[in-house]
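# Reading the structure
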Amino acid sequence: MKETTPPGKPNPLTKLFDRFFAGRYRQLDWLFLLRPVLLIPVWTMTAAGFGAGSWLSSPDLFWHVAWNWTVLLVFIGITLIVGAAFIQVQLQQNGEAEIKGHPNLLAESHIDPEKARRLAWICLGLGVLLLLPGGWVAVIAGIAIYAIWGLLYGSNTAIWRNRPAIDILIHLLAGAVLFYVGWGTSGAPLSGSLNVAAPYVLGFAGITALIAITPGPRFPEDSPRPGKTAITNASSFAAVLAIAATIWGYSNGDPIISTTAVLTLPFHAVGLYFRREIDMLRTSRYAILIFVIFAGTRYPLLYIPIILDFYLSRYYYRRRFGFPHPCFHAPDIEWTGV
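Remember, predicted model here, so these are calculated numbers, not experimental data.

All right, on to the side chain of Ser 54 then. Relative to the elements of secondary structure, Ser 54 occurs in helix α3 (residues 39-57). Assessed through its relative accessible area of 12%, Ser 54 is described here as buried. Here the side chain of Ser 54 touches Phe 50 through a polar contact of 2.9 Å, landing on its backbone oxygen. If we skip the residues at most four places from it in the chain, Ser 54 touches Leu 61, Ser 186 and Tyr 299.

Within this structure, the stated rule accounts for 21 aromatic pairs. Summarising the aromatic geometry, the rings of Phe 32 and Tyr 317 are spaced 5.6 Å apart at their centres and angled 85° between planes, so their arrangement reads as edge-to-face. Remark: Tyr 317 occurs in helix α15 (residues 303-321) and Phe 32 occurs in helix α2 (residues 25-32); sequence separation between them is 285 residues. Judged on exposure class, the residue Phe 32 and its partner Tyr 317 are both buried. Ring plane angle 75° and centroid distance 5.9 Å describe the contact between Phe 179 and Tyr 180, whose orientation is recorded as edge-to-face. Taken together through their ring pairs, the aromatic side chains of Phe 32, Tyr 316, Tyr 317, Phe 321 and Phe 323 make up a single cluster. The cationic tip of Arg 276 hangs over the ring face of Phe 274; the distance from NZ or CZ to the ring centre is 4.5 Å.

Assignment of secondary structure puts Gly 322 in the loop between α15 and α16 (330-336). Separated by 215 residues in sequence, Gly 322 and Ala 107 place their C-alpha atoms 17 Å apart.

Calculation rules
Residues numbered from 1 in each chain as written. Predicted model: local features only at pLDDT ≥ 70, side-chain atom pairs only at ≥ 80, totals over all residues. Heavy atoms only, no water. Helix = DSSP H or I, 4+ residues; strand = E, 2+ residues; numbered from the N terminus. Buried < 20%, exposed > 50% of the residue type's maximum accessible area, 1.4 Å probe, protein only. Polar contact = N/O pair within 3.5 Å; in protein donor to acceptor, adjacent residues only side chain to side chain. Contact = heavy atoms within 4.5 Å. Phe/Tyr/Trp six-rings, centres within 6.5 Å; stacked < 30°, edge-to-face > 60°. Lys NZ or Arg CZ within 6 Å of the ring centre and 35° of its normal.

As structure tokens, this is what we get:
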């Protein structure tokens with residue numbers, strides 16, 4: 001795959017990355033085969049479950065920065081399992097990458113598919129082992145996330161292709177499972193957990209409702225874009241779920257999800273008023289950002305890997321494919337579709 005640099009003056013961080021990664025782009029290809037951009041919502045949902053479980057026994061939990069090796073191992077484990085799942089996604093011809101317009105490194109780099117398949121199995125096995133300190137709930141949830149994203153979503157595209165409702169349902173299940181990876185690691189009892197988890201899952205489903213019909217950065221120009229009816233339906237559904245998450249979270253006395261959800265409502269209102277693709281894209285991106293900010297108020301160490309992931313991903317996709325991904329700035333979103 002050819003190195004690509006979009007126009008524009010490189011910033012100091014880009015220069016630093018250039019110095020460090022010069023000659024190492026093949027190694028970065030292997031890293032980005034695991035789709036690290038997706039780890040931002042994955043880590044956040046897992047941290048939300050861990051924080052919510054811990055909050056039951058510590059109602060004043062806020063800005064806890066003590067190091068915890070069990071939590072570190074669990075987060076590395078879920079990272080590897082999700083990476084294995086999305087290697088499986090990219091192994092499928094005419095799969096998610098082609099349907100939604102995401103770069104497929106197996107098709108555009110030096111990586112051999114058989115080696116990638118072996119890497120997926122290694123990541124899955126090691127990931128499950130690393131979840132063991134988190135308890136049996138975390139282990140079962142970790143295996144389930146591979147089954148949902150790697151097998152159901154990745155290997156059976158016919159199930160969800162052109163069926164947004166099925167697409168949303170699959171990601172809703174994934175969000176619930178990620179929450180329970182964190183919940184199980186916290187040691188909180190399962191009894192009563194559904195009531196606490198429900199508003200988080202609803203909020204996560206609202207975001208995926210927008211992403212399900214959102215074209216990716218490499219979306220084919222000759223493919224139909226979502227029309228006003230699809231945008232209206234998805235935005236309305238997401239707004240209703242955000243309202244439900246706000247009310248449910250508030251009734252639980254959980255400030256994290258209730259505040260997160262209520263702050264996304266103005267974005268939903270703008271999206272429903274204008275019914276433009278750019279507003280739908282912006283709403284999903286800023287909803288994730290707000291979720292990251294508030295989930296991290298309980299465990300701020302979450303911010304460190306997310307910030308590193310965000311800027312390294314932007315650097316990699318700009319350098320390798322010529323577009324910044326992920327992004328929040330409106331011109332960038334309009335340019336890339338992400």
